[in-house]
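Breakdown of the fold
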Amino acid sequence: MGRGRAITGIVGITDQIVSSASNYLTALVASAVLAPEAFGAFVAAYAVVTVLCAAARAVIGEPLLAHLPTVDVARRPPLGSAALAAAVVLGVGGLAVCVIGGLAWDGPVGDALLALAVWVPGAVAVDAGRYVLLARSDTRRALLIDVVWLLAQGLVLGAYLLTEQSSTPIGGAGISVAGVAAAWGVGALVALAAVVVVTPEARHLGDAARWFAESRHLAGWFTLTSVLGQAQVYLVLFAAGVVLTADDVAGLRAVQLLVFQPPVTVLAALLVLTTPVMARHAVAGDRAGLLRARRVALLGAAGLGVVLLGAIPLRETLMGLLFPQYVGHAGLVVPIVLQTALAALAVPFLAQIRGERRARSLFALQVVTAAGMLAGAGAGLVVGGAAGSGVTGLAWGLTASSLVALGAAVAATTGERSTPVVRTRVAA
């Protein structure tokens, strides 16, 4: 049993890495084959699509992880089918948003939105299919879907680059924004075919209204949590851009790419893998099993934190190797490593709250986290600026905010405030 869980975990982490690699490939290839203006337009439009997909995930994917493992076994397939039908509805809504935005947004960005619009429903449906599989801890099939998408997208991009054919190249580099968008979208469609093959729930669509009705107590709060989580990051980046020099902002971003961004993939996998386990223990009223699962996740998070601490003595070497132009910002590695390690330790507690389906508590915790991050960033900029290094103050302010967020997560899962959920009434 232990070996099986270990394999599931390894495959789950690999799945998250491949999923992230697919998004990275899209941006990387776009930067390589498009002229700067065209690339800027594509990045802006792709950001809109990414936000739309994230919103759909908050309504479909994240509630699936917390809810599907808690219902009776016989109800899971039709409920999964209903979730996929709801994903199609949201995907069509995303298409409409992109079309309206593309028509209203005159210029290259609008054209890029229109080029991406038609592929949005497929991408949303594939993501929902992955989460149906992840909700039942079927990480192997979820990984297969991501690999199929990555390979299909790569093959289409390769074919474009080899033939150097495109309809209306914006950048004049042999491939158009529409071509890059088509590679992403065709990859999604091929992956959707894989979803249908490996996921029985996808072979016939259920009643979308059933999913919306049954998950509304989770989806709304999860969506608010997701929106607030993204907003706090952009607000901090905006504040940094206003106060700091361009070199300091770039140096901070380089350090984040070095020691923060890679662990985020592992932490996302830990959250996805742990939440269904927590949900099953919670609905069964198995408090001991719930805490045991949390301890296992906490050990994994602590192990990741220890690995991260190894970057501190190697900070100048690593920065010199990967970001030599920003080696002068190597001192930022210390606070960013500590911030990341503290964030890692919070993940098992967040998984518990999700597994217990305490959606309001999750949103309240996100409010505390956002307030702490903004306060920490602001105080750090002020104190650091007075000391002659605003970027250092900002980095340490973010570390302090992570400590506050960890404390709030621990408090939210301690004592009588954290109780296992009871089995919900079967929907009609």
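Residues numbered from 1 in each chain as written. Predicted model: local features only at pLDDT ≥ 70, side-chain atom pairs only at ≥ 80, totals over all residues. Heavy atoms only, no water.

Some remarks on the overall build of the protein chain
Of regular secondary structure, the protein chain possesses 16 helices and zero strands. Expected size for 428 residues packed as a compact globule is a radius of gyration near 22 Å; at 22 Å, the protein chain falls within 12% of this value. Seen through its principal axes, the protein chain has C-alpha atoms that stretch 55 × 55 × 40 Å. Taken across its 428 residues, the protein chain has 49% of its residues classed as buried. Taking as baseline every contact in the protein chain between residues at least 6 positions apart, the subset at least 24 positions apart corresponds to 80%. Within the structure as shown, the protein chain displays about 18,700 Å² of accessible surface, and the carbon and sulfur contribution to it stands at 70%. For the protein chain, the distance from the average position of its 26 positive side-chain charges to the average position of its 19 negative side-chain charges is 15 Å. (Helix = DSSP H or I, 4+ residues; strand = E, 2+ residues; numbered from the N terminus. Rg over C-alpha atoms; globule rule 2.2 N^0.38 Å. Buried < 20%, exposed > 50% of the residue type's maximum accessible area, 1.4 Å probe, protein only. Contact = heavy atoms within 4.5 Å. Areas by Shrake-Rupley, 256 points an atom, 1.4 Å probe, with all protein chains shown as cover. Lys, Arg positive; Asp, Glu negative; His and termini not counted. Charge placed at Lys NZ, Arg CZ, Asp CG, Glu CD.)

Points about the nonpolar core
Ile60 and Leu64 are the most contacted members of the largest nonpolar core, which has 62 residues in total. Ranked by residue count, the leading element in this core is helix 8 (residues 177-198), at 11 residues. Apart from residues no more than four positions distant in its own chain, Ile60 is found in contact with Ala83, Ala86, Ala87, Leu90, Ala128 and Trp211. (Core = buried A, V, L, I, M, F, W, Y, C linked by side-chain atoms within 4.5 Å.)

Considerations on helix 14 (residues 333-355)
At 3.6 residues per turn, the α-helix brings residues three or four places apart onto the same side. Look at helix 14: 33 Å from first C-alpha to last across 23 residues, which is about the 33 Å you get at 1.5 Å a residue. At Val347, helix 14 shows its strongest bend, of approximately 30°, with the proline Pro348 following within four residues. Among the residues trailing helix 14, Arg357 stands out with phi positive, at a value near 60°. (Expected span 1.5 Å × (residues − 1). Bend = angle between axes of the 7 residues up to and from the residue.)

Some remarks on a nonpolar patch on the surface
Taken together, Val88, Val92 and Leu205 make up a surface patch of nonpolar side chains, about 240 Å² in accessible area. Secondary-structure assignment places Val88 in helix 4 (residues 76-104). (Patch = residues over 30% accessible without salt bridge, like charges linked within 9 Å, V, L, I, M, F, W, Y side chains within 5 Å. Salt bridge = Lys/Arg side-chain N within 4 Å of Asp/Glu carboxyl O.)

Quick notes on the side chain of His67
With respect to the element layout, His67 can be found in helix 3 (residues 61-67). A distance of 3.0 Å separates the side chain of His67 from the side chain of Arg357, its partner in a polar contact. (Polar contact = N/O pair within 3.5 Å; in protein donor to acceptor, adjacent residues only side chain to side chain.)

Some words on the confidence of the model for the protein chain
Averaged over every residue, the pLDDT of the protein chain is 87; residues scoring 70 or more account for 93%. Confidence drops under pLDDT 50 across residues 165-173; counting only partners more than four residues distant or on other chains, this segment forms 15 contacts. Ignoring residues within four places in sequence, the model shows residues 416-428, a span with pLDDT below 50, making 30 contacts including any to other chains. (pLDDT = per-residue confidence, 0-100.)

Examining unusual backbone geometry
A positive phi is found at Ser137, a non-glycine position, where the angle reads about 60°. Turning to its location among the elements, Ser137 is positioned in the loop between helix 6 (120-135) and helix 7 (139-163). Backbone geometry places Arg357, a non-glycine residue, at a positive phi of 60°. Residue placement: Arg357 occurs in the loop between helix 14 and helix 15 (359-387). Overall, the relative accessible area of 10% leaves Arg357 in the buried class.

Re the packing of aromatic side chains
Two measures describe an aromatic ring pair: the distance that separates the ring centres and the angle between the ring planes. Tallying each qualifying case throughout the model produces four aromatic pairs. Look at Tyr46 and Trp184: their rings are 5.9 Å apart centre to centre, the planes differ by 90°, and that puts the pair in the edge-to-face class. Residue Tyr46 is found in helix 2 (residues 36-59), and its partner Trp184 is found in helix 8; the two are separated by 138 residues along the sequence. Both residues of the pair, Tyr46 and Trp184, count as buried. Here Trp221 and Phe363 contribute two aromatic rings whose centre-to-centre distance is 5.5 Å and whose plane-to-plane angle is 45°, an arrangement assigned as tilted. You can see Trp221 sitting in helix 9 (residues 208-243) and its partner Phe363 sitting in helix 15, a full 142 residues away along the chain. Assessed through its relative accessible area of 26%, Trp221 is described here as partly exposed. Taken together, the aromatic side chains of Phe42, Tyr46, Trp149 and Trp184 make up a single cluster linked through ring pairs. (Phe/Tyr/Trp six-rings, centres within 6.5 Å; stacked < 30°, edge-to-face > 60°.)

Thoughts on the side chain of Thr275
Inspection of the secondary structure puts Thr275 in helix 11 (residues 261-283). The exposure class of Thr275 is buried, given its relative accessible area of 1%. Within polar-contact distance, the side chain of Thr275 engages the backbone oxygen of Leu271 at 2.7 Å. Thr275 has contacts with Leu65, Ala66, Ala351, Arg354 and Gly355, leaving out every residue within four places of it along the chain.

Details of the packing of helix 2 against helix 6
The interhelical angle for the contact between helix 2 and helix 6, taken along N-to-C directions, is 40°, at an axis separation of 10 Å. Of the two elements, helix 2 crosses helix 6, and the hand of that crossing is right-handed. Note on element contacts: helix 6 touches helix 2 through Val120, Ala123, Val124, Asp127 and Tyr131, opposite Val49, Cys53, Ala56 and Arg57. Of the residues contributing to the contact of helix 2 with helix 6, the split by class is seven nonpolar, no polar and two charged. (Axes fitted to C-alpha atoms, helices over the stretch in contact; angles between N-to-C directions. Left-handed = near helix turned anticlockwise from the far one by under 90°. Nonpolar A, V, L, I, M, F, W, Y, C, P; charged D, E, K, R; others polar.)

Concerning the packing of helix 11 against helix 12 (residues 287-309)
In the contact formed by helix 11 and helix 12, the axes pass within 9 Å of each other and the chain directions differ by 170°. Of the possible angle classes, the one that applies to helix 11 and helix 12 is roughly antiparallel. Residue-level inspection shows Pro263, Val266, Leu267, Leu270, Thr274, Val277, Met278, His281 and Ala282 of helix 11 in contact with helix 12, the latter providing Gly289, Leu290, Arg292, Ala293, Arg294, Ala297, Ala301, Leu304 and Leu308. For the contact of helix 11 with helix 12, the class distribution of residues is 13 nonpolar, three polar and two charged. (Parallel < 35°, antiparallel > 145°, perpendicular 65-115°, else oblique.)

As for the environment of Leu113
Within the fold, Leu113 resides in helix 5 (residues 108-117). What Leu113 contacts, discounting residues up to four positions off in sequence, is Ala45, Val48, Cys98, Gly101, Gly102 and Trp105.

Concerning the state of the cysteines
This structure, assessed with the given rule, holds zero disulfides. For Cys53, which is in no disulfide, the shortest distance to another cysteine sulfur is to Cys98 and amounts to 8.3 Å. (Disulfide = S-S within 2.5 Å.)

Notes on the pattern of salt bridges
Tallying each qualifying case throughout the model produces 11 salt bridges. Across the pair Arg57 and Asp127 runs a salt bridge, and its minimum N-O distance is 2.7 Å. Placement of Arg57 in helix 2 and of Asp127 in helix 6 is noted, with a sequence separation of 70 residues between them. Put simply, Asp15, Arg57, Asp127, Arg130 and Asp146 are held in one network by salt bridges that share partners.

Structural notes on the environment of Ala208
Tracing the backbone shows Ala208 in helix 9. For Ala208, the contacting residues outside a window of four places in its chain are Ala82, Ala85, Ala86 and Val89.

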